[in-house]
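# Structural overview for review
Read off the chains here:
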Amino acid sequence: MSTPRTWDIFCRVIDNHGDAGVCWRLAAQLGARGQAVRLWIDDPAPLAWMAPEGASGVSVRPWREPFDAQGLVPGEVWIEAFGCELPESFVAARTGEPVWINLEYLSAEAWVERCHGLPSPVMSGPGRGLTKRFFYPGFTARTGGLLREDDLASRQAAFDRGAWLTAQGLPAQGRRIALFCYEPPSLPAMMAQAEAHWLVTRGRAAAAAMDLPLAPGATRHALPWLSQRGFDELLWSADLNLVRGEDSLVRALWAGQPFVWQIYPQHDGAHHAKLQAFLDWLDAPASLRAFHHHWNGLPGAPAEAAWPGWAEVDGWREVVQAARQRLLAQPDLATQLAEAVGRKR
């Protein structure tokens, strides 16, 4: 990223904060590499706990209707995250021809490789004559990669698990399960069976889990809202990470610990194929596939007990570590975005 540019990233917070989390991570990584980034977001409130210290090179701008550009000229790169439509007045105020990118959702499905980088001519409105480009994050070399900070490996290597747990008032002995979920069908049975210290995140996970019966010897700990760095450290501290959505899936992969993903459910069942594609890419063994199916309530999921036991869970670590190594060999998403922008200028 030797050429500094101004990037405008637009984000609508739909629910569950994942969209804000992805956009903030991207903005912060670009800012750390010398880019000027404006994050236009319609609900900046989650950033107060997600990124309390802000980030170099990043300014947060309110996205209200009617849109107010606050006297700013549109930048050289526009990113509409997850298909949000840019304000027409913003598009109309451009002074040149921007690089316009539609940053899409994450998926391991085969069609992603075919669609990544495809042009989408703008046929109407103030942007008529411009071209958007689809940019798909992904798990393979023919996709846009995943978000990964430049200092992630060094932070992980320097992390002191025991010291972090003690500072949080959490048990340093015994097994720990980090719970960041929606309302998985298997949660009551699993909490009644797994002997572990349950580290329960704020929001929907706490609402689903705090009143459920526990297995003998198990404990439950309600966590405060965690910053993005704090969430990473939680995942590094746990023996099993139960995560949800896209951003936390990526963080669980980087953590390298056994994990189970609760995919965002879609009313038409499209998430079933998406989950299967990810498990195929992961080379998930039968026990990990069965647990994912059970945890996500897929039709035909095996009816056996929800908790597979620690011996089985420990066996998943090698699978996750192998996947992590494959991903580390690929360029990260911010790097690939910058390269794509450079080719279009």
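Overview of the structure. Given the structure is predicted, the values throughout are model-derived calculations rather than measurements.

### Examining the nonpolar core
W198 and L253 are the most contacted members of the largest nonpolar core, which totals 67 residues. For this core, the leading source of residues is helix α10 (residues 247–255), giving six residues. The residues that make up this core include at least three from each of domain 1 (6–146 + 331–343) and domain 2 (151–329). For L253, the contacting residues outside a window of four places in its chain are F139, L146, F259, F278, W281, L282, V320, A323, R324 and L327. By size, the runner-up hydrophobic cluster in this structure holds 32 residues, among which are L26, A27, V37 and F82.

### Quick word on the sheet that holds strand β4 (residues 77–81)
Across the sheet, seven strands lie side by side as β3-β2-β1-β4-β5-β7-β6; this open sheet has mixed pairing. The open sheet has two edge strands, β3 (58–62) and β6 (119–121), and neither has a second partner. In this sheet, adjacent strand axes meet at a mean angle of 25° when their direction is disregarded. Relative to strand β5 (residues 99–103), β4 runs parallel, the two being bridged by five bridges. Residue W78 lies in a different strand from β5, and its bridge partner there is W100. Against the sheet, helix α1 (residues 18–32) touches β1 (6–11), β2 (36–41), β3, β4 and β5, its axis set at about 170° to β1.

### So, the sheet that holds strand β8 (residues 176–179)
The pairing of strands in a sheet happens through backbone hydrogen bonds and is either parallel or antiparallel. Overall, parallel pairing links the five strands, which are arranged β10-β9-β8-β11-β12 in an open sheet. Of all the strands in the sheet, the pair left with one neighbour each is β10 (219–222) and β12 (259–262). When the angles between neighbouring strand axes are averaged without regard to direction, this sheet yields 15°. Taken together, the three bridges between β8 and strand β11 (residues 240–244) define a ladder with parallel strand orientation. Its bridge partner lying in β11, A178 is registered against N241. Here helix α12 (residues 286–296) sits on the sheet and contacts β8, β11 and β12; the angle it forms with β12, its principal contact strand, is near 35°.

### Here's the deal with the state of the cysteines
The bond known as a disulfide is covalent and runs between the sulfur atoms of two cysteines. Counted according to the given criterion, the structure contains zero disulfides. Note on C23: no disulfide assigned, nearest cysteine sulfur contributed by C11 at a separation of 3.6 Å. C84 forms no disulfide, and the closest cysteine sulfur to it belongs to C11, at a distance of 7.0 Å.

### Examining α1
Compared with an ideal rise of 1.5 Å per residue, which puts 15 residues at 21 Å, α1 spans 21 Å between its outermost C-alpha atoms and is within 8% of the ideal. Most of α1 sits out of view: 12 of its 15 residues are buried. For α1, the set of buried residues is D19, A20, G21, V22, C23, W24, R25, L26, A27, Q29, L30 and G31. Phi turns positive one or two residues past the end of α1, at G34, with a value near 90°.

### A look at the pairing of β11
By the criterion of burial, β11 is predominantly enclosed, with five of the five residues buried. Burial along β11 is two-sided: the face carrying L240, L242 and R244 and the face carrying N241 and V243 are both buried. Summarising the sheet, β11 and β12 pair through four bridges and their orientation is parallel. In the sheet register, N241 faces β12, and the bridge partner there is F259. For the crossover that starts at β11, traverses α10 and ends in the parallel β12, the hand is right-handed.

### Remarks on the pattern of salt bridges
Pairing between side chains becomes possible if they bear opposite charge and their charged atoms approach one another. Taken as a whole, this structure holds 19 salt bridges when the rule is applied. Here E149 makes a salt bridge to R251, at a shortest N to O gap of 2.8 Å. Of the two residues, E149 is situated in the loop between β7 (131–135) and α5 (152–158) and R251 in helix α10; the sequence distance between them amounts to 102 residues. For the residue pair E149 and R251, the accessibility class agrees, reading buried in each case. With a shortest N-O distance of 3.6 Å, K274 and E246 are connected by a salt bridge. Here the residue K274 occupies a position in helix α11 (residues 270–282), and E246 occupies one in the loop between β11 and α10, the gap between them amounting to 28 residues. Take K274 and E246: they sit in the same class, and that class is buried.

What counts as what
- Throughout this document, residue positions are counted from 1 along each chain, in the order its sequence is written.
- Reporting of local features is limited, given that this is a predicted model, to residues whose pLDDT is at least 70; pairs of side-chain atoms are given and counted only at 80 or more, and all residues count toward the totals for whole chains, interfaces and linings.
- By convention in this description, side-chain values take in all heavy atoms of the structure and omit both hydrogens and water.
- By nonpolar core is meant a set of buried Ala, Val, Leu, Ile, Met, Phe, Trp, Tyr and Cys residues that side-chain atoms within 4.5 Å join together.
- Any residue under 20% of the maximum accessible area for its type is buried, any over 50% is exposed, and the rest in between are partly exposed; the area is computed with a 1.4 Å probe on protein chains only.
- Secondary structure counts use DSSP, requiring at least four H or I residues in a row for a helix and at least two E residues in a row for a strand, with both numbered from the N terminus.
- The split of the chain into domains comes from an automatic or database domain assignment.
- The criterion used for residue contact is that any of the two residues' heavy atoms lie within 4.5 Å.
- Strands are labelled as partners when DSSP assigns at least two bridges between them.
- To obtain an axis, a line is fitted to C-alpha atoms, over the contacting stretch when the element is a helix, and the angle between two such axes runs from 0 to 180 degrees between their N-to-C directions.
- Two cysteine sulfur atoms make up a disulfide if the distance between them is within 2.5 Å.
- One less than the residue count of a helix, multiplied by 1.5 Å, gives the span that helix is expected to have.
- For the handedness criterion, the strands are oriented away from the viewer, and a crossover whose path from the first strand over the helix to the second runs clockwise is classed as right-handed.
- Only one rule defines a salt bridge in this text: a Lys or Arg side-chain nitrogen within 4 Å of an Asp or Glu carboxyl oxygen.

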